[in-house]
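A structural walkthrough
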Amino acid sequence: MVGEKSDKAKANKIKIIHSKRKLLQLRRKEELSHNIRYIEKVPVRIVMDKDFLKLRPSDSLVTLIESMSEEESSAVVVDDEDRLIGFVTMKDILHFFDPPRRHSIVGFGLLKRYSMTRATKVEDIMVTKPITINVNDDLGHAIRLMIETGKHHLPVVDEEGKVHGILEVKDIIRLIRLVSL
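Residues numbered from 1 in each chain as written. Predicted model: local features only at pLDDT ≥ 70, side-chain atom pairs only at ≥ 80, totals over all residues. Heavy atoms only, no water.

**Concerning the overall build of the chain**
Let me state the cut-off plainly: Numbering of helices and strands runs from the N terminus; a helix is a DSSP stretch of H or I covering at least four residues, while a strand is a stretch of E covering at least two. Whether a residue is buried, partly exposed or exposed follows from its accessible area with a 1.4 Å probe, protein chains only, as a fraction of its type maximum: under 20%, in between, or over 50%, in that order. Each accessible area value is a Shrake-Rupley result obtained with a 1.4 Å probe; residue values ignore everything except the protein chains displayed when judging cover.
What the chain contains, in helices and strands, is eight helices and six strands. Of the regular secondary structure in the chain, the N- to C-terminal order runs α-α-β-α-β-β-α-α-α-β-α-β-β-α. When each of the 181 residues of the chain is scored for burial, the buried share is 32%. Of the accessible surface of the chain, which amounts to about 12800 Å², a share of 55% is contributed by carbon and sulfur atoms.

**Some details on the pairing of strand E5 (residues 153-157)**
Under the convention used in this document: Here, any two strands with at least 2 DSSP bridges between them count as paired.
Among the five residues of E5, five are classified as buried, and the element is accordingly described as predominantly covered. Summarising the sheet, strand E4 (residues 133-134) and E5 pair through two bridges and their orientation is parallel. Bridge pairing in E5 links Asn134 to Val157. By the bridge criterion, five bridges tie E5 to strand E6 (residues 163-168) in an arrangement that is antiparallel. Among the inter-strand pairings, Val157 is bridged to a residue of E6, identified as Val163. What sits between the antiparallel neighbours E5 and E6 is a turn of five residues, in which Gly161 has the positive phi angle 85 degrees.

**Things to note about the environment of Lys151**
Following the sequence through the fold, Lys151 ends up in the loop between helix H7 (139-149) and E5. Among the residues examined, Lys151 registers a relative accessible area of 40% and is labelled partly exposed. Separated by 18 residues in sequence, Lys151 and Val169 have C-alpha atoms that sit 8.7 Å apart.

**With respect to the packing of H7 against helix H8 (residues 169-179)**
Counted only if it meets this: Angles here are taken between N-to-C directions and fall from 0 to 180 degrees, while the axes themselves are lines fitted to C-alpha atoms, restricted in helices to the stretch in contact. For classification purposes, an angle smaller than 35 degrees is called roughly parallel, one larger than 145 roughly antiparallel, one from 65 to 115 roughly perpendicular, and anything else oblique. Crossing handedness: left-handed means the near helix sits turned counterclockwise from the far one by under a right angle, and right-handed means the same turn made clockwise. Every residue pair with non-hydrogen atoms within 4.5 Å of one another is taken to be in contact. Throughout this entry, Asp, Glu, Lys and Arg are counted as charged residues, while Ala, Val, Leu, Ile, Met, Phe, Trp, Tyr, Cys and Pro are counted as nonpolar. The remaining residues, Gly among them, count as polar.
Running from amino to carboxyl end, H7 crosses H8 at an angle of 130 degrees, the nearest separation of the two axes being 11 Å. When the axes of H7 and H8 are compared, the pair comes out oblique. Regarding H7 and H8, the two cross each other, and that crossing is left-handed. Across the interface between the two elements, Leu139, Ile143 and Met146 from H7 touch Val169, Ile172 and Leu175 from H8. Class assignment for the residues of the contact of H7 with H8 results in six nonpolar, no polar and no charged.

**Points about the nonpolar core**
Rules: Take the buried Ala, Val, Leu, Ile, Met, Phe, Trp, Tyr and Cys residues and link them wherever side-chain atoms come within 4.5 Å; each set so joined is a nonpolar core.
With 17 residues, the main nonpolar core has Val44, Ile133, Leu139, Val156, Leu167 and Leu175 as its most contacted residues. Contributing elements (two or more residues each) for this core: helix H2 (44-47), H7, E5 and H8. Contact partners of Leu175, with chain neighbours within four places excluded, come to Ile39, Val42, Val47 and Leu139.

**Topic: unusual backbone geometry**
A positive phi angle is found at Asp82, which is not glycine, with a value near 60 degrees. Along the chain, Asp82 turns up in the loop between strand E2 (74-78) and strand E3 (84-89).

**Considering H7**
All buried positions along H7 are accounted for by Leu139, Gly140, Ala142, Leu145 and Met146. Just downstream of H7, Gly150 is the residue with a positive phi angle, here 75 degrees.

**So, the sheet that holds E5**
Picture the strands of a sheet paired through backbone hydrogen bonds; they go either parallel or antiparallel. The strand order across the open sheet built from three strands is E4-E5-E6, with neighbouring strands paired in mixed fashion. Of all strands in the sheet, those with a lone pairing partner are E4 and E6, marking the two edges.

Written as structure tokens, this is what we have:
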């Protein structure tokens, strides 16, 4: 009889501990849910990287590669008034080192594309119509755009096309880490 009572008491204590843990987990989920809703409303201009690599279309590919540090994963190509005219990511550079398939039908234009020299310019590899986000948009819009397009880097521009920064997935993840601590 005494053994049964102590077993029941232990079972009740374990139930209470599990209940408290579940309650704490629910509270944490609610807090995280609130923080994630908050993240959607954060303006892009607060999270974007304002210190980014700017290049001119006439810059050489060698200059581009030398300019990209380990941290840099993209470059914005601008005109003399800092308006966006192109965008280059490391992935775009890699595409130029992937030659055509052995049995592909290769035209002159394609062969010309793969004949890189020291004279190859940024304009030869840049994406001329990159997907962008407006400096006044919020992260909710940016996240949806990144998911829909599969892009990890978005140039941040204003109505005139002037570049203000670059928003990258890592910038958003950094913010999520901060608010979920």
